[in-house]
Amino acid sequence: MPQPKALVRSAIGVFFEYDTPRIVHIRSKKVGIINRLIQITILAYLIGYVIVWRKGYQQFDNVQSAVTTKVKGVVFTNFTGIPGLDGRVWDVSDYVVPPQENGAFFVMTNVLVTPTQTQGTCDEDPTVADARCENKTCTRGEPVNLGNGIKTGNCIDSTVDPGAKVCEIYAWCPVERADNTTQAPTPALLGSENFTVFIKNNIEFPKFDVLRRNILGFDNDTELSSCRFDPNDARYKLCPIFGLSQIVQLAGTNYSDIAKGGGVIQVIINWDCNLDLDVSECLPEYSFRRLDRGDFSISRGFNFRYADHYKLENGTGQRTLYKAWGIRFLVSVQGQAGKFFIIPLLLNFGSGIALLSIATVICDIVVLYLLKARSYYKDKKYLDVKGEDAYEVMDDRHDDDSDGPRQRRNAGNGEDNS
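- The protein carries the name ATP receptor in an unreviewed UniProt entry, which gives Littorina saxatilis as its organism.
- Under the UniProt heading Subcellular location (unreviewed entry), the note attached to the protein is "Cell membrane".

1. Digging into the UniProt feature "glycosylation site" (unreviewed entry) in the protein
Step number 1: Residues given the UniProt feature "glycosylation site" (unreviewed entry) here are Asn 194.
Step number 2: Judged by relative accessible area, Asn 194 falls into the exposed class, the value being 63%.

2. Let's talk about the pattern of salt bridges
Step number 1: Using the criterion set out here, one finds 13 salt bridges in the structure.
Step number 2: Taking the shortest distance from any N to any O, the salt bridge between Glu 134 and Arg 132 comes out at 3.1 Å.
Step number 3: Using a relative accessible area of 30% as the deciding quantity, one classes Arg 132 as partly exposed.
Step number 4: Asp 292 is the partner of Arg 290 in a salt bridge, and the nearest nitrogen-oxygen pair spans 3.0 Å.

3. A few points about the packing of helix H7 (residues 342-355) against helix H8 (residues 357-370)
Step number 1: Between H7 and H8, whose axes approach to 4 Å, the crossing angle comes to 10 degrees. With respect to their mutual orientation, H7 and H8 come out roughly parallel. Contacts from Ile 353, Ala 354 and Leu 355 in H7 reach Ser 357, Ile 358 and Ala 359 in H8.
Step number 2: Within the contact of H7 with H8, the residues separate by chemical class into five nonpolar, one polar and no charged.

4. Notes on the UniProt feature "transmembrane region" (unreviewed entry) in the protein
Step number 1: In this structure's numbering, the residues bearing the UniProt feature "transmembrane region" (unreviewed entry) are residues 33-53 and 341-371.
Step number 2: Along residues 33-53, the helical share is 100% and the strand share 0%, with 27 Å between the first and last C-alpha atoms.
Step number 3: Along residues 341-371, the helical share is 90% and the strand share 0%, with 46 Å between the first and last C-alpha atoms.

5. Let's talk about the environment of Val 210
Step number 1: When you line up the elements, Val 210 lands in strand S9 (residues 210-213).
Step number 2: Exposure remark for Val 210: the relative accessible area of 11% places this residue in the buried category.
Step number 3: Separated by 147 residues in the primary sequence, Val 210 and Val 63 have C-alpha atoms spaced 9.9 Å apart.
Step number 4: The residues touching Val 210, leaving out its near neighbours within four places in the chain, are Ile 203, Glu 204, Phe 205, Leu 275 and Val 279.

6. Focus on the nonpolar core
Step number 1: Core analysis: the biggest nonpolar cluster contains 52 residues, and Leu 85, Trp 90, Tyr 95, Met 108 and Phe 205 have the highest contact counts within it.
Step number 2: Those elements that provide at least two residues to this core are strand S2 (64-72), strand S5 (104-123), strand S8 (196-205), helix H5 (244-250), helix H6 (255-261), strand S11 (263-274), strand S12 (285-290) and strand S14 (317-340).
Step number 3: In contact with Leu 85, other than residues within four places in its own chain, are Thr 77, Asn 78, Phe 79, Trp 90, Val 111, Val 113, Ala 184 and Ala 188.
Step number 4: By size, the runner-up hydrophobic cluster in this structure holds eight residues, among which are Val 144, Ala 171, Cys 173 and Val 175.

7. A word on the pairing of strand S7 (residues 165-173)
Step number 1: Sheet topology places S5 next to S7; six bridges connect them, and they run antiparallel. Across the sheet, residue Asp 123 finds its bridge partner in S7, namely Glu 168.
Step number 2: Here strand S6 (residues 150-157) runs beside S7; their pairing, made up of five bridges, is antiparallel. When the sheet's bridge partners are listed, Ile 150 is paired in S7 with Tyr 170.

8. With respect to the packing of aromatic side chains
Step number 1: In the structure shown here, the tally under the stated rule is 17 aromatic pairs.
Step number 2: Summarising the aromatic geometry, the rings of Phe 229 and Phe 242 are spaced 4.9 Å apart at their centres and angled 40 degrees between planes, so their arrangement reads as tilted. Here Phe 229, found in the loop between helix H4 (221-226) and strand S10 (241-243), pairs with Phe 242, found in strand S10; they are 13 residues apart in sequence, far enough to count as distant.
Step number 3: Given a relative accessible area of 6%, Phe 229 falls into the buried group.
Step number 4: Owing to a relative accessible area of 0%, Phe 242 belongs among the buried residues under this scheme.
Step number 5: Members of the aromatic cluster, each reached through a chain of ring pairs, are Trp 90, Phe 106, Phe 302, Phe 304, Tyr 306 and Tyr 322.
Step number 6: Over the face of the ring belonging to Trp 90 we find Arg 88, whose NZ or CZ atom lies 3.8 Å from the ring centre.

Rules used throughout
- Residues numbered from 1 in each chain as written.
- Predicted model: local features only at pLDDT ≥ 70, side-chain atom pairs only at ≥ 80, totals over all residues.
- Heavy atoms only, no water.
- UniProt positions renumbered as here; feature names shortened; annotations may be inferred.
- Buried < 20%, exposed > 50% of the residue type's maximum accessible area, 1.4 Å probe, protein only.
- Salt bridge = Lys/Arg side-chain N within 4 Å of Asp/Glu carboxyl O.
- Axes fitted to C-alpha atoms, helices over the stretch in contact; angles between N-to-C directions.
- Helix = DSSP H or I, 4+ residues; strand = E, 2+ residues; numbered from the N terminus.
- Parallel < 35°, antiparallel > 145°, perpendicular 65-115°, else oblique.
- Contact = heavy atoms within 4.5 Å.
- Nonpolar A, V, L, I, M, F, W, Y, C, P; charged D, E, K, R; others polar.
- Core = buried A, V, L, I, M, F, W, Y, C linked by side-chain atoms within 4.5 Å.
- Pairing = 2+ DSSP bridges.
- Phe/Tyr/Trp six-rings, centres within 6.5 Å; stacked < 30°, edge-to-face > 60°.
- Lys NZ or Arg CZ within 6 Å of the ring centre and 35° of its normal.

Here it is in structure tokens:
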């Protein structure tokens, strides 16, 4: 086991050493093939993938975007005896709620209307679990859990379910009820599949001072308003006016299915531009997908409620409540632009050249540890050269041996060393 003094001397000796690479030219078929294959692979990755495929010679900038939408269409509902749907025209002001959103729009496809609601007392919906009072009391002032109003403290007969006892509530009356007397047998606004939406998209690549928009190839408003998006036509694949049924179909969904319970569709506008070409070649590409799966058994689709409020001549407040199902369209803009710039090219080229050193490392491992003649190659690879002023490291045993001769010489001279 090394003595502490020897360890200290070895550590000091490292300070007075210097390692320099030694070039050893090894002639070996195995090692030569491995070396060239690794070098070819690295060069193919550098040139083919980094420089050409990933455009490593370009500087990139992400797209900055603004989107506005405009929906057009009219539908007529004529469901006899269904409140709010018996002979009514629905235009864009009725079925697009809210009128404007940031990067999105909603189109109503089905609706449950509860008209002429006023503030007062009435029986709660018997389908609400907390509404029934056959075996419990109705606590005055307590809200009905998942219900429509505040309990008055009275337990009364239900006007909807004969024989059922429900809590009387203070609410907007009559409360919303969903049955075959209030709901249409098919999606009420199924005719919305014929509606169109104009998606106007303005984009910028600020680093390159490039401005574009998705209205391309049309000379005037008349041409633009008459076009319809067609992904298979060279001209009309740039048309920014889409049929709603077309969007849903391209997203892989049936319109009548999604119209009943609602859903969420994403419209993707992709701007991937090579600005080394003419800027007119910077064109948008459209794709569509449904974000919510249509086969969920729980909380399926998309719906919400809103109301139209007004006052009667006598000052009584009244409202019409709508439970709206529909399709929420989310418009997403993505992409980037690239243009030649010398700095990323040099950086990518330099990092690729540095990778070539991997070939040397792997070949050294093969030569020094895997080949049968590894001992021979180690002797050729490593050379220990001692300079005239080399620091010599000696252990304690050498010190003891070096003192012995002096002592013996002193004893032969008759000196007393005791």
